Amino acid sequence: MKFFIDTANIEEIREAATLGILDGATTNPTLMSREKGKGSFSDILKEICSIVPGPVSAEVVALDAEGMVREGKELCKIADNIIIKVPCIREGVKAIGMFKKEGIDTNATLCFSLNQAILVAKAGATFVSPFVGRIDDVGSPGMEVVREIMAVYNNYSFATQIIVSSVRHAQHVYEAALIGADVCTIPFNVIEKLIRHPLTDVGVERFLEDWDKVQKK
Ligand code: E4P
């Protein structure tokens, strides 16, 4: 499973990159707004693209297909590894097809249902992002939608890759890996939790204490 980091924060991206496990990054207007005052939108994206060895999703805000393509083409000028995040709406589906014709990779975002995922795959989306956390929030199992999308993409050999998104905790990553999702985009605080285990901490402490005894003999 590929690991993307779900943030626009440069310090977090740098720190995660030192682990050597990053395959890409996802941003959105909310994540970008949290970095306000730290540089222009394009400077922040350029820096992210220079750190991350893989696709970096940048989202369009236009609501019409032509506007999305116009914005997307501008975003692509920032760096070679920018890919365009387009919402799963009617105009978004059109735009995905238009981007595909231009050879521009897309990430169909704000996906909440299998039907949306089928449409964007047929339109030629490179990635689809089901938002598992937000689906859980309204009382439905988000990971079930991922399972359904995987089954149908398999049935019809759709090439669109699934990015498990809106990840809130380590259990989401665990389940995404078990069901074989292509990608999981993970906030920095969750990446940190993946490595921590209390028994490992206790074990390290005990080994160090015992090693100390050996040295003192
Ligand atoms: C994915 O690409 C989105 O940026 C993100 O996962 C949304 O997560 P949220 O529901 O926590 O805002």
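Reference entry: report on the structure contained in this document. Everything numeric here is computed off the predicted structure, so don't read it as measured data.

Notes on the packing of aromatic side chains
Next up, step 1: For the structure on display, the rule yields 4 aromatic pairs.
Next up, step 2: With centroids separated by 5.9 Å and ring planes inclined at 70°, the aromatic side chains of F4 and F127 adopt a geometry described as edge-to-face. Here F4, found in strand 1 (residues 2-6), pairs with F127, found in strand 6 (residues 127-130); they are 123 residues apart in sequence, far enough to count as distant. You'll find F4 and F127 in the same group, each marked buried.
Next up, step 3: The interplanar angle of 45° and the centroid separation of 6.2 Å between the aromatic rings of Y156 and F158 together place this pair among those described as tilted.
Next up, step 4: For Y156, a relative accessible area of 58% gives the class exposed.
Next up, step 5: Classification of F158 by relative accessible area gives partly exposed; the value is 22%.

So, the environment of A79
Next up, step 1: Counting through the fold element by element, A79 comes out in the loop between helix 4 (65-76) and strand 4 (82-87).
Next up, step 2: Each C-alpha atom, one on A79 and one on E12, is 20 Å from the other, the two residues being 67 residues apart in sequence.

Thresholds applied
- All chains use their own residue numbering, which begins from 1 and follows the written sequence.
- The predicted origin of the model limits local features to residues at a pLDDT of at least 70 and limits the giving and counting of side-chain atom pairs to 80 or more, whereas totals for whole chains, interfaces and linings rest on all residues.
- In computing side-chain properties, one takes all heavy atoms of the structure into account and sets aside hydrogens as well as water.
- Only centres within 6.5 Å qualify two rings of Phe, Tyr or Trp (six-membered ring in Trp) as a pair; their planes then separate them into stacked at under 30 degrees, edge-to-face at over 60, and tilted for everything else.
- Here a strand is any run of E in DSSP of at least two residues, a helix any run of H or I of at least four, and the numbering for each starts at the N terminus.
- Throughout this description, buried means an accessible area under 20% of the type-specific maximum (1.4 Å probe, protein chains only), exposed means over 50%, and partly exposed covers the range between.

Keep in mind these numbers describe shape, not what the thing actually does.
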